[in-house]
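What follows is the residue order along each chain.
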Amino acid sequence: GPAAASGRRLRVIPSSLVCWEDWLRRHPETEVLAPAGSMIDRYKREPYASYYGSDELRFPVRPPPPVELPKKTPVVVVAVGGARKVFSVPALASRADTEGRCRAWVGGAGIVFICRAEPPTVFCNAETSDVGLEVMHSFWFAWHAMHPEEDLAGPDE
């Protein structure tokens, strides 16, 4: 629309993609609205199973992502200051210790990743509280289409 045409940019709003159990452990005071009783069956459906179960895309993507990862591989993008790195969720999980933790450096800041196998999620924290950390979650194909100049972080980054 007009805002996009004018070059305006959206501000990244801090968010996390975590499983409910992990969220509740960190924020036990959280309240959740119950679904309307007449609609409870809709909440039990899994409408995206066929989408997630295949690497097929339902629409063309330009440029197509490199074949180094399946297209729908989840990625975590971490930005600190002007530096940004793209991490594959499976690669982070493979580096994690027995507690699901691994570390990396982004823009000179130490970042701790907390990985969970089921459901596959990654939570990120800066090692010090004075770091302005931005975390974004995406599929590899979608991130690459928007930022084709950015490569995945290597296994030792």
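So, here is what we can say about the structure in this document.

Cut-off values and rules
- Residues numbered from 1 in each chain as written.
- Predicted model: local features only at pLDDT ≥ 70, side-chain atom pairs only at ≥ 80, totals over all residues.
- Heavy atoms only, no water.
- Buried < 20%, exposed > 50% of the residue type's maximum accessible area, 1.4 Å probe, protein only.
- Helix = DSSP H or I, 4+ residues; strand = E, 2+ residues; numbered from the N terminus.
- Pairing = 2+ DSSP bridges.
- Polar contact = N/O pair within 3.5 Å; in protein donor to acceptor, adjacent residues only side chain to side chain.
- Phe/Tyr/Trp six-rings, centres within 6.5 Å; stacked < 30°, edge-to-face > 60°.

**Some thoughts on the pairing of strand β3 (residues 101-106)**
- Side chains C102, A104 and V106 of β3 all project onto a buried face; the interleaved residues R101, R103 and W105 project onto a face where none is buried.
- With antiparallel pairing between neighbouring strands as the criterion, β3 and strand β4 (residues 109-116) make up a hairpin whose turn holds 2 residues, including G107 at a positive phi of roughly 55°.

**Brief notes about the side chain of H147**
- Locating H147 in the fold gives a position in the segment after α6 (140-146).
- Within the structure, the side chain of H147 is placed 3.3 Å from the side chain of R84, a separation counted as a polar contact.

**Quick word on the packing of aromatic side chains**
- Under the definition given, this model contains 7 aromatic pairs.
- Here Y48 and Y52 contribute two aromatic rings whose centre-to-centre distance is 6.1 Å and whose plane-to-plane angle is 45°, an arrangement assigned as tilted.
- Ring centres of Y52 and F139 lie 6.0 Å apart, and the angle between their planes is 55°; this geometry places the pair in the tilted category. Here Y52 is found in helix α4 (residues 49-52), whereas its partner F139 is found in strand β6 (residues 133-139), with 87 residues between them in sequence.

Shape descriptors only; they carry no functional weight alone.
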